[in-house]
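# Breakdown of the fold
Chain by chain, the residues:
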Amino acid sequence: MSLSQQLQSRQRAAVAGGVGTRSIYAERALNAELWDVEGKRFIDFAAGIAVNNTGHRHPKVISAVQAQVEHFTHTCFHVAPYEGYIRLAERLNAMAPTGGENRTMLVTTGAEAVENAVKIARAYTKRPAVIAFSGAFHGRTMLGMALTGKVAPYKKNFGPFPAEIYHAPFPNAYTGPSEDEAFAGLERLFAADIDPERVAAFIIEPVQGEGGFNVAPFTFLKRLRELADRHGILLIADEVQTGMARTGKMFGFDHAGVKPDLITMAKGLAGGFPLSAVTGRAEIMNAAHPGGLGGTYAGNPLAVAAANAVLDVIEEEQLCERALMIGERITSRLETLAERQGMERIGNVRGLGAMVAFELVHDRATQEAAPELTARIVAEAEKRGLILLSCGTRFNVIRILTPLTIGEDTLEEGLAILEASVEAAFSGHANH
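Summarised in this report is the structure supplied together with it. What you are looking at is a predicted structure, and each value in this text was computed from that prediction instead of being measured.

Let us now look at the pairing of strand S11 (residues 346–352). Counting buried positions over the seven residues of S11 gives five, a clear majority of the element. Pairing geometry for S11 and strand S12 (residues 355–363), over six bridges, is antiparallel. By the bridge assignment, leucine 352 is partnered in S12 with methionine 355.

Next up on the list: the environment of glycine 257. Tracing the sequence through the fold places glycine 257 in the loop between helix H9 (253–256) and strand S9 (262–265). Here the alpha-carbon distance between glycine 257 and phenylalanine 218, two residues 39 residues apart in the chain, equals 8.1 Å.

So, about the pattern of salt bridges. This model, assessed by the stated rule, comprises 27 salt bridges. Arginine 329 is paired through a salt bridge with glutamate 408; the nearest N and O atoms lie 2.6 Å apart. With arginine 329 in helix H12 (residues 319–339) and glutamate 408 in helix H14 (residues 408–430), this residue pair connects regions lying 79 residues apart in the sequence. A salt bridge links glutamate 380 to arginine 384; its shortest N-O distance comes to 2.5 Å. Residue classification places arginine 384 among the partly exposed residues on the basis of a relative accessible area of 37%.

For the structure on display, the rule yields nine aromatic pairs. With a centroid separation of 3.6 Å and 10° between ring planes, the pair formed by phenylalanine 77 and tyrosine 85 is classed as stacked. Under the relative-accessibility criterion, tyrosine 85 is labelled buried at 10%. Between tyrosine 82 and tyrosine 85, the ring centres sit 6.3 Å apart and the planes meet at 75°, which makes this aromatic pair edge-to-face. Of the aromatic side chains, those joined through ring pairs into one cluster are Phe72, Phe77, Tyr82 and Tyr85. Of note, lysine 155 hangs over the ring of phenylalanine 161, and the distance from its end group to the ring centre comes to 5.5 Å.

Turning our eyes to something else, we now look at the packing of helix H3 (residues 59–69) against helix H11 (residues 301–316). Between H3 and H11, the least distance of the axes is 8 Å, while the angle of their chain directions is 150°. Comparing the axis directions of H3 and H11 gives the class roughly antiparallel. For the element pair H3 and H11, the recorded crossing hand is right-handed. Contacts between H3 and H11 involve Lys60, Val61, Ala64, Val65, Gln68 and Val69 from the former and Pro301, Leu302, Ala305, Ala306, Ala309, Val310, Val313 and Glu316 from the latter. Split into classes, the residues belonging to the contact of H3 with H11 amount to eleven nonpolar, one polar and two charged.

So, about the packing of helix H7 (residues 179–192) against helix H8 (residues 218–231). It is at 10 Å that the axes of H7 and H8 come closest, and there the two elements cross at 20°. Our classification of the angle between H7 and H8 gives roughly parallel. Pair H7 / H8 crosses with right-handed handedness. Two secondary-structure elements touch here, H7 through Glu179, Asp180, Ala182, Phe183, Leu186, Glu187 and Phe190 and H8 through Thr219, Phe220, Arg223, Leu224, Leu227, Arg230 and His231. Of the residues in the contact of H7 with H8, the class split is seven nonpolar, two polar and five charged.

Let us look at unusual backbone geometry. A cis amide bond links alanine 152 with the next residue in sequence, proline 153, at an omega value of 0°. Of note, proline 153 is situated in the loop between helix H6 (142–147) and strand S6 (165–168). For the bond from glycine 176 to proline 177, the omega torsion is 5°, close enough to zero to count as cis. Along the chain, proline 177 falls in the loop between S6 and H7. Although it is not a glycine, asparagine 157 sits at a positive phi angle of roughly 75°.

Reading guide: rules and limits
- Residues numbered from 1 in each chain as written.
- Predicted model: local features only at pLDDT ≥ 70, side-chain atom pairs only at ≥ 80, totals over all residues.
- Heavy atoms only, no water.
- Buried < 20%, exposed > 50% of the residue type's maximum accessible area, 1.4 Å probe, protein only.
- Helix = DSSP H or I, 4+ residues; strand = E, 2+ residues; numbered from the N terminus.
- Pairing = 2+ DSSP bridges.
- Salt bridge = Lys/Arg side-chain N within 4 Å of Asp/Glu carboxyl O.
- Phe/Tyr/Trp six-rings, centres within 6.5 Å; stacked < 30°, edge-to-face > 60°.
- Lys NZ or Arg CZ within 6 Å of the ring centre and 35° of its normal.
- Axes fitted to C-alpha atoms, helices over the stretch in contact; angles between N-to-C directions.
- Parallel < 35°, antiparallel > 145°, perpendicular 65-115°, else oblique.
- Left-handed = near helix turned anticlockwise from the far one by under 90°.
- Contact = heavy atoms within 4.5 Å.
- Nonpolar A, V, L, I, M, F, W, Y, C, P; charged D, E, K, R; others polar.

Given below as structure tokens:
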């Protein structure tokens, strides 16, 4: 029995069955490479689901955490606050594109950031309702699941969910609805289900993560901002996956030139340490009463030290510019692959910056989803030493999230494995 098999057996006996995992048991990792307990090397095109934008164990991040360990690991910010938290808040306030003076609160997970953004929006507007979008993912807490627009695997069997949450269509340039159709859906929602005067906030991802890397048209975000202003509704930008240079700018909303009222951050914020943030306009963030926001582990000192180092690395290594270069390389390679003879099942290539995906279909004309083929590509890549992730409401999208610090040779090697994996999966598909 191999070490991996032993761990798999122990996992089945010890870990809840609902915690789904892959069969890669990590031993160590560095930048864009990971080695399992058998010593097998993998190129990491998942980055811990967009967490390791600065790569595994970036020296500056590790050094900052080690230095913090020498001082203290936890005091609870509510009990004994510390300078690192304040400094990180100052930096996030300065970079958040709200167009005004900002304030920040720190918590631990993306779902916590989303929940607190909703709490703050309700406190400020004195309204109860929140509108999210089809295909959205906002977390696994009860409110996070309510906001999420994807049933399997996130919402199935877990209801009932909190009230006053509504969903509008998210525009999809490939399968529809169009931008105008999606906007008409919002107007229908106001006419049929919820008075806009009762809506506290819209919450939207500039690029949907779990939903399939669907990019919100910049014009749609602008129209949404205008609609929000018309009805006194706040606009929450969920930048948990798109933030921290992933799309080629610090935030996905920066591409559209749209100013959200509140921004949620997590994932890439602290380079592998659990940390999230809500940053927004001061008058909104200050609406909650003292003691109404926070948590025991909120703004953990080690994670805060890591986040301050991550912001340094993003600036010093020009990771926004690098994300654009990586995205162009990946997109070009995938588009070339899709144009080749026999690759007609690659229906669409899309993304923003280094947030790139391709959608698998049985037929380009009908756009019928091919989830089995998608799973086969992921499995083939794993055999060859490449970690990939799938996503999409139809389970037929492969997303690519390389560390933004990935070396040129490693990127090229990973793309070659990806291409070979697609070819092998297509060949197997043709034989079934």
